[in-house]
2 protein chains.
Amino acid sequence: MQVDWERFLSDKVAHRLEPSLIGEMMKLVKELGAISFTAGEPSADLYPLEELRASFDRAFSEPSLFAYYPHNGGLLELRRWIVDWMKKDGLAPSWLTTREVLLTNGSQEGIHLIAEAFIEEGDAIIVESPTYPEALLTFRRQGARFLSVPVDREGIVPEALEALLEKSGPVKFIYSIVNFQNPSGYTTTDERKAKILDLARRYDTILVEDDPYRYLRYEGRPQGSYFALDGDGGRVLYLGSFSKIILPGVRVGWLAVPPELAPKMTELRVSCEISLPAITQYAVWDFMKDRDLPSYLATMHDAYRTRRDALALALREECGPLGLEIDVPEGGFFLWGRIAWLDDVVSFARYAITEEKIGFIPGSIFFADKADGRGTVRFSFAKVSPDLAREGAKRLARAMKAYRSSMAGS
Amino acid sequence: MQVDWERFLSDKVAHRLEPSLIGEMMKLVKELGAISFTAGEPSADLYPLEELRASFDRAFSEPSLFAYYPHNGGLLELRRWIVDWMKKDGLAPSWLTTREVLLTNGSQEGIHLIAEAFIEEGDAIIVESPTYPEALLTFRRQGARFLSVPVDREGIVPEALEALLEKSGPVKFIYSIVNFQNPSGYTTTDERKAKILDLARRYDTILVEDDPYRYLRYEGRPQGSYFALDGDGGRVLYLGSFSKIILPGVRVGWLAVPPELAPKMTELRVSCEISLPAITQYAVWDFMKDRDLPSYLATMHDAYRTRRDALALALREECGPLGLEIDVPEGGFFLWGRIAWLDDVVSFARYAITEEKIGFIPGSIFFADKADGRGTVRFSFAKVSPDLAREGAKRLARAMKAYRSSMAGS
């Protein structure tokens, strides 16, 4: 090596990034031909491919989409549709216009833009414990100092948040996944939202509301959003996504921000990539605009509800007696589990996939402080048929037995 | 306003970004229905829309493209095609594999990734004088300190570069647009490249080679790349783009890096957006893979050569007598001009578009130190028919006359 890259690389890239363990597990699943409870992504058999193909084809009647798109925030028609949709669903304050909506390359890009816009090295931010690891990755890259707040079945625990805010000093923002949280599956209730928003106001901090799973609710009452609840407060940034309800490969999500932030976020976008492909945004708009969403979503919900119930039943029957406890959410993709006797979940996950060809995600990666994830595991049911659920649960049970024996013997 | 955003925003977003003046000029062109010599983008009448439509349609035979694409660097088939193509054209060192090629959302995203990977606040980088303003924007956002090196018709002036490196202390990288540079139209000769690469080695710095216009050569001998010339040196990062030879709206470019950097750049990509749409990358691959490129490009070259010559002639005849001098490049999109008696080119550009409805880009925005751009102007001929060229040149001449009179009178 003739170049000493350490001398050239920024601190963030040299020292604060790391490979994704979810990526590693998914690669192992593929290489080993394992049964997979790993991927938090929609099931390919539910992709509306033929309708999306027609929507892409219609984009070709609009040659202007193929130039540099003049609005750096993204396709106006889709932003308009999002504004209307969010208002109709009671998710947006009345002031929201297209100006405050920036289309993103999936929610992750929204997280990236927020990280760039807010975090200076050493800044404190509050994350849920557990939370989405690629958000931790991006916030850590920017130099964030994490303060973890526990979540329970109703969301962030307000008393814990208050205690944290009281002793922490200034906090740049609170990052919360509000519906069917990744990985816990928990949903923040509106009652909790009111308390948490009140705390955000009293301690003068910002709320980043990440909401990719909202429309994957299989039962129960939909909850509102911080973004609408805040009204004219202008203290909430909202992240939405089409990845889960259309398909991930279109890479279209959005970020809605308070009016004061809109010009800065657009300038930041220009510096990152000028603009995103308007073609894919057009296809999403064309696909969504006249659709009967309740009936479209109902088909999806039926499939995922069946898979959720089958995997929950199989895991309880096969692995419950061995000490696995699981939480079953009202929507989303994830069952969240605990194995009380298990310390090192990463070792166990590697063992289970190698020895029994069953893949799942060790829970420790979802915690800013990995030690907090002791004994936790995440199972995704989105792509798992009832037959595979049973076979996978049996494999997991074998892995648990053998691993426990090896622990006892060591 | 209830939130004091100054307290929350990062320094880069609060203070280092600014609206794009090119964006402002293009918006004015549209609002005023002006003749435009502004946009550095391909002409829509040359978009291969029907072929691209078929390529997009074929993507729908590959459902795996619509999931989260497993390679964060982008579609393997396209990266393989790029590696082969670059080697066949003598642009890549023999060690290059798909591992070192990251597909990007246009070249701007490559610039963004490089800025994130290398620049810490206060770091010195060397930019050409003049250079691409959105690169300046992104590098400035990251806190770069600019050192400007002059370019002439053969590229960066080696003696000036050496003097700069000698007195500057460590420099993170040299950013150079090597073919038909934006805005000057100048191309770095291979003789110059050898001298500049030698200086980069002696002073231990990196070369960032931005090459979006390479395949828009209308005459003359193609030049090689720093990337190939460096061989096993591993000191060059190469940025390529399909925006100019297919169309900008697909938003597909690439970044090729030395082997040691590849894993870090992929991790950085994950933190920014997980992955880009594999669909658009597939369409680009499908479009390019069996194409007879020389004959495909020849049609494009003929059209642009005609437009270049028509605009150059019209400007010389109409505006030459008023003091406009222009450089005519062997390719690309731009004529670079100087008006010796003109100080404030931004004021003049606003005057010309408002009063005479003729749009062009004031040259000062292409300089890290705007004062260096005194009297310079950029004209793009890519979208200008010969008729419009003549009418636009007449309007510019009227604007020059009237503006000069008003200067004399003030």
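Residues numbered from 1 in each chain as written. Chains lettered and ligands numbered in written order. Predicted model: local features only at pLDDT ≥ 70, side-chain atom pairs only at ≥ 80, totals over all residues. Heavy atoms only, no water.

A. Spotlight on the relation of the copies chain B and chain A. In screw terms, the move from chain B to chain A is a rotation of 180 degrees and a rise of 0.0 Å along the axis, fitting with an RMSD of 0.0 Å. Expressed as an axis order, the relation between the two copies is that of a two-fold axis. In this assembly, 100% of the residues forming the interface of chain B have copies in chain A that are likewise at the interface, indicating an isologous arrangement. (Least-squares fit on C-alpha atoms with pLDDT ≥ 70 in both. Contact = heavy atoms within 4.5 Å.)

B. A look at the interface of chain B and chain A. Contact with chain B, which involves 82 residues of that partner, is made by 82 residues of chain A. Inspection of the region where chain B meets chain A yields 6 salt bridges. Two residues, A:Glu116 and B:Lys12, come together in a salt bridge whose shortest N-O distance is 2.6 Å. Counting the contacts that link chain B with chain A gives 36 residue pairs in polar contact (both at pLDDT 80 or more). Elements that contribute at least two residues to the side of chain B that touches chain A include exactly helix H1 (5–8), helix H2 (11–16), helix H4 (49–59), helix H6 (106–118), helix H7 (133–141), helix H11 (262–273) and helix H12 (278–289) of chain B. A total of 7 residues in the side of chain B that touches chain A trace back to one element, the largest contributor, which is H11(B). Class assignment of the residues belonging to the side of chain B that touches chain A gives a composition of 42 nonpolar, 17 polar and 23 charged. (Salt bridge = Lys/Arg side-chain N within 4 Å of Asp/Glu carboxyl O. Polar contact = N/O pair within 3.5 Å; in protein donor to acceptor, adjacent residues only side chain to side chain. Helix = DSSP H or I, 4+ residues; strand = E, 2+ residues; numbered from the N terminus. Nonpolar A, V, L, I, M, F, W, Y, C, P; charged D, E, K, R; others polar.)

C. Up close: the UniProt feature "domain: Aminotransferase class I/classII large" (unreviewed entry) in chain A. In the numbering adopted here, UniProt assigns the feature "domain: Aminotransferase class I/classII large" (unreviewed entry) to residues 35–396 of chain A. Taken end to end, residues 35–396 of chain A has its terminal C-alpha atoms 10 Å apart, with 41% of it in helix and 17% in strand. (UniProt positions renumbered as here; feature names shortened; annotations may be inferred.)

D. View of empty space enclosed by the protein. Considering all chains together, one arrives at 5 cavities of 30 Å³ or more under this definition. One number sums up the size of the largest cavity: a volume of about 80 Å³. Elements with a minimum of two residues in the lining of the largest cavity: helix H5 (76–88) and strand S8 (236–241) of chain A. When residues of the lining of the largest cavity are assigned to their parent elements, the largest contribution, 3 residues, is made by S8(A). Residue composition of the lining of the largest cavity, by class: 8 nonpolar, 2 polar and 2 charged. Considering only enclosed or pocket space, the second largest cavity measures out at about 60 Å³ in volume. In terms of lining, the second largest cavity is formed by B:Trp85, B:Asp211, B:Pro212, B:Arg214, B:Tyr215, B:Tyr238, B:Gly240, B:Ser241, B:Ile245 and B:Trp254. The element contributing the most residues to the lining of the second largest cavity is strand S8 (residues 236–241) of chain B, with 3 residues. (1 Å grid on protein atoms, 1.4 Å probe; cavity = no way out; pocket = protein on both sides within 12 Å on 5 of 7 lines; lining within 4 Å. Points joined across faces, edges and corners; volume = space filled by probe spheres on them.)

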